[in-house]
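Residues per chain are reported as follows:
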Amino acid sequence: MSQDSTTVPETSRKLSGRRRREIVAVLLFSGGPIFESSIPLSVFGIDRQDAGVPRYRLLVCAGEDVPLRTTGGLELTAPYGLEALSRAGTVVVPAWRSITQPPPAAALDALRRAHEEGARIVGLCTGAFVLAAAGLLDGRPATTHWMYAPTLAKRYPSVHVDPRELFVDDGDVLTSAGTAAGIDLCLHIVRTDHGADAAGALARRLVVPPRRSGGQERYLDRSLPEEIGADPLAEVVAWALEHLHEQFDVEALAARAYMSRRTFDRRFRSLTGSAPLQWLITQRVLQAQRLLETSDYSVDEVAGRCGFRSPVALRGHFRRQLGSSPAAYRAAYRARRPQGGPADRTDRPDRLERLERADRPDRAEVIEPRSGDHSLPLRRQGAPGGPTGHSGHPPHHHHAPHPDPGKPESDTYAPRLPEQAAGRAPGRPSLPGQRERPVG
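Digging into the packing of aromatic side chains
Here comes step 1: Counting across every chain of the model gives seven aromatic pairs.
Here comes step 2: With 5.0 Å between their ring centres and 90° between their planes, Phe 29 and Trp 96 make a pair best called edge-to-face. Residue Phe 29 is located in the loop between strand 1 (20–28) and helix 1 (34–45), and its partner Trp 96 is located in the loop between strand 5 (88–93) and helix 2 (105–116); the two are separated by 67 residues in the primary sequence.
Here comes step 3: Look at Phe 29 and you get buried, because its relative accessible area is 5%.
Here comes step 4: With centroids separated by 5.0 Å and ring planes inclined at 80°, the aromatic side chains of Phe 44 and Tyr 56 adopt a geometry described as edge-to-face. Highlighted residues: Phe 44 in helix 1 and Tyr 56 in the loop between helix 1 and strand 2 (57–62), separated in sequence by twelve residues.
Here comes step 5: Put simply, the rings of Phe 264, Phe 268 and Trp 279 touch in pairs and so form one group of aromatic residues.
Here comes step 6: Between the NZ or CZ atom of Arg 284 and the centre of the ring of Phe 248, over which it lies, the distance is 4.8 Å.

See the structure below:
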């Protein structure tokens, strides 16, 4: 169940008698980042009843019998050990120190026991790897930081990893993406337990939005696992990245890998955590994003150089992934370039609105079919300025696309704020875009 859903799945197990729903145990390990570790401590460990936030009782537990050293060499002392998990109605694992190391067996046993006794188990960011190692994510939807999602999917193939979501609520097991998404999930837990008013009051105290729309798409950078270099599919992936300007489909990639479409889909998904069609569309959108930043090609030319069959297809996929039209994205990006003076600014809301309207055709949009769907491309008739359809969700895994020969590309791409990544002016509200997304 995604963070965009309007309903919350019910917990499937009854809480055992010795556990209390208001008790939250936070399980800390040595080497965990202090920011992620502090999120549940702040949300559930501070009495804010004066602001209308119901009080939780917090138990901070050490997940192993070693000094708990965290970011910057700080050493923490947890007042409780694993035995305290037996009283908690919610157990939060805010982070794990390394996605390549197995968690302590005693901690995994304690998590399994807590889940069997009806406790709600929560993994923030890399904490999802601890839940997966305990077997609590088998057959379930889950998410983690987009950078680690492919590794989670490959290491635990029975987990349905969705790198698009800020968090996933599957009833008694919940996971979130990185850092700030941990706040989103903790607010969601408060909202589930005590309602929107309590979550809103807490959000105001934390000075954060009570509910963020969208997902991780706009933050994606490179999300192929490092192990792909040793896999036979690496050659096919490299070829696809070098030929994004050509029009080819997943069938062509399967043929290059000497596999049937079904086998290729299964192998690609197990390697990257994404369906190949989703991955391919994201590579094309990212190439378009870079060309809009570094070239003077028109939107139509950019569409052709990124392998889209039409500018309409580019606009639809670009808006779904980045929350902006290509023209508005380029205008906002250039307005924020250091060399742009006051006279060059083009990010005024009225001008961006005109760019948005000019870039929304009053004709049907071609929607690519989802992976495994062999039917003809769908056509959705959209009202001008309305949100585009959602068939064929974007892919999520990519290396930097091969630059277009003969065209200069910048050597580096400066980090962008979420507003810049979404291609909108500061202070402009994000597009609604809320939807229920199928996992996988």
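A short note on the nonpolar core
Here comes step 1: Of all hydrophobic cores here, the largest spans 36 residues; its most connected members are Leu 27, Leu 85, Val 91, Leu 111, Ile 121 and Leu 137.
Here comes step 2: Elements that contribute at least two residues to this core include exactly strand 1, strand 2, strand 5, helix 2, helix 3 (127–133) and helix 4 (149–155).
Here comes step 3: Setting aside chain neighbours within four positions, we find Leu 137 in contact with Ala 128, Leu 131, Ala 132, Ala 142, Ser 158, Val 159, Val 173 and Thr 175.
Here comes step 4: Ala 254, Trp 279, Leu 280 and Ala 313 belong to the second largest nonpolar core, which has 34 residues in total.

A few points about unusual backbone geometry
Here comes step 1: In this structure, Val 207 is a non-glycine residue whose phi angle is positive, near 60°.
Here comes step 2: With respect to the helices and strands, the residue Val 207 is situated in the loop between helix 6 (196–206) and helix 7 (233–242).
Here comes step 3: Of note in this structure, Tyr 258 is not a glycine but carries a positive phi near 60°.
Here comes step 4: Within the fold, Tyr 258 resides in the loop between helix 8 (250–256) and helix 9 (261–272).

Some points on the UniProt feature "transmembrane region" (unreviewed entry) in the protein chain
Here comes step 1: UniProt records the feature "transmembrane region" (unreviewed entry) at residues 23–46, using the numbering of this structure.
Here comes step 2: With 50% helix and 25% strand, the stretch residues 23–46 has end C-alpha atoms that lie 13 Å from each other.

Observations regarding helix 6
Here comes step 1: Ala 198, Ala 199, Gly 200, Ala 201, Leu 202 and Ala 203 are the residues of helix 6 that are buried.
Here comes step 2: Contacts made by the buried residues of helix 6 are with helix 1 and helix 5 (180–194).

Re the packing of helix 10 (residues 276–294) against helix 13 (residues 326–335)
Here comes step 1: Between helix 10 and helix 13, whose axes approach to 9 Å, the crossing angle comes to 50°. Viewed along their axes, helix 10 and helix 13 adopt a mutual orientation that is oblique. Seen along the crossing, helix 10 lies across helix 13 with a hand that is right-handed. Along the contact surface, helix 10 presents Gln 289, Leu 291, Leu 292 and Glu 293, while helix 13 presents Pro 326, Tyr 329, Arg 330, Tyr 333 and Arg 334.
Here comes step 2: In the contact of helix 10 with helix 13, the residues fall into five nonpolar, one polar and three charged.

Topic: the pairing of strand 5
Each regular strand displays side chains that alternate between the two surfaces of the sheet.
Here comes step 1: Of all six residues in strand 5, six are buried, a share of seventy percent or more.
Here comes step 2: Remark: the strand 5/helix 2/strand 6 (residues 120–124) crossover connection has right-handed handedness.

Section: the pattern of salt bridges
Here comes step 1: Here the structure, examined in full by the defined rule, presents 14 salt bridges.
Here comes step 2: Where Arg 120 meets Asp 193, a salt bridge forms, and the shortest distance between an N and an O atom there is 2.9 Å. On the criterion of sequence distance, the pair formed by Arg 120 in strand 6 and Asp 193 in helix 5 is long-range, its members being 73 residues apart.
Here comes step 3: Under the relative-accessibility criterion, Arg 120 is labelled buried at 12%.

What about the confidence of the model for the protein chain?
The predicted structure's coordinates, where accompanied by low pLDDT, should not be read in detail.
Here comes step 1: Per-residue confidence for the protein chain gives a mean pLDDT of 76, with 69% of residues at or over 70.
Here comes step 2: Taken as a whole, residues 3–8 scores under 50 in pLDDT and shows 18 contacts with residues more than four places along the chain or in a different chain.
Here comes step 3: Note that pLDDT drops below 50 for residues 340–353; the model gives that stretch 16 contacts with residues more than four away or on any other chain.

Focus on empty space enclosed by the protein
Here comes step 1: Tallied over the full model, the rule gives six cavities of 30 Å³ or more.
Here comes step 2: As a volume, the second largest cavity reaches approximately 70 Å³.
Here comes step 3: It is helix 5 that contributes the most residues to the lining of the second largest cavity, four residues altogether.
Here comes step 4: The class makeup of the residues in the lining of the second largest cavity is four nonpolar, two polar and four charged.

Structural notes on the sheet that holds strand 1
Here comes step 1: Here six strands make up an open sheet; going across it, the order is 2-1-5-6-10-9 and the pairing mixed. Both edges of this open sheet fall to strand 2 and strand 9 (167–169), since each of them pairs with a single strand only. In this sheet, adjacent strand axes meet at a mean angle of 20° when their direction is disregarded.
Here comes step 2: As paired strands, strand 9 and strand 10 (residues 173–176) are joined by three bridges and run antiparallel to one another. In the strand pairing of strand 10, Asp 169 is matched with Leu 174.
Here comes step 3: Along the sheet, helix 1 makes contact with strand 1, strand 2, strand 5 and strand 6, crossing strand 2 at roughly 155°.

Looking at the packing of helix 10 against helix 12 (residues 311–322)
Here comes step 1: Running from N to C, helix 10 and helix 12 cross one another at 90°; their axes reach a closest spacing of 10 Å. When the axis of helix 10 is compared with that of helix 12, the two are roughly perpendicular. Contacts between helix 10 and helix 12 involve Ile 281, Thr 282, Val 285, Ala 288, Gln 289 and Leu 292 on the former and, on the latter, Leu 314, His 317, Phe 318, Gln 321 and Leu 322.
Here comes step 2: Here the contact of helix 10 with helix 12 is built from residues that sort into seven nonpolar, four polar and no charged.

About the criteria used
Residues numbered from 1 in each chain as written. Predicted model: local features only at pLDDT ≥ 70, side-chain atom pairs only at ≥ 80, totals over all residues. Heavy atoms only, no water. Phe/Tyr/Trp six-rings, centres within 6.5 Å; stacked < 30°, edge-to-face > 60°. Helix = DSSP H or I, 4+ residues; strand = E, 2+ residues; numbered from the N terminus. Buried < 20%, exposed > 50% of the residue type's maximum accessible area, 1.4 Å probe, protein only. Lys NZ or Arg CZ within 6 Å of the ring centre and 35° of its normal. Core = buried A, V, L, I, M, F, W, Y, C linked by side-chain atoms within 4.5 Å. Contact = heavy atoms within 4.5 Å. UniProt positions renumbered as here; feature names shortened; annotations may be inferred. Axes fitted to C-alpha atoms, helices over the stretch in contact; angles between N-to-C directions. Parallel < 35°, antiparallel > 145°, perpendicular 65-115°, else oblique. Left-handed = near helix turned anticlockwise from the far one by under 90°. Nonpolar A, V, L, I, M, F, W, Y, C, P; charged D, E, K, R; others polar. Right-handed = clockwise from strand over helix to strand, strands pointing away. Salt bridge = Lys/Arg side-chain N within 4 Å of Asp/Glu carboxyl O. pLDDT = per-residue confidence, 0-100. 1 Å grid on protein atoms, 1.4 Å probe; cavity = no way out; pocket = protein on both sides within 12 Å on 5 of 7 lines; lining within 4 Å. Points joined across faces, edges and corners; volume = space filled by probe spheres on them. Pairing = 2+ DSSP bridges.

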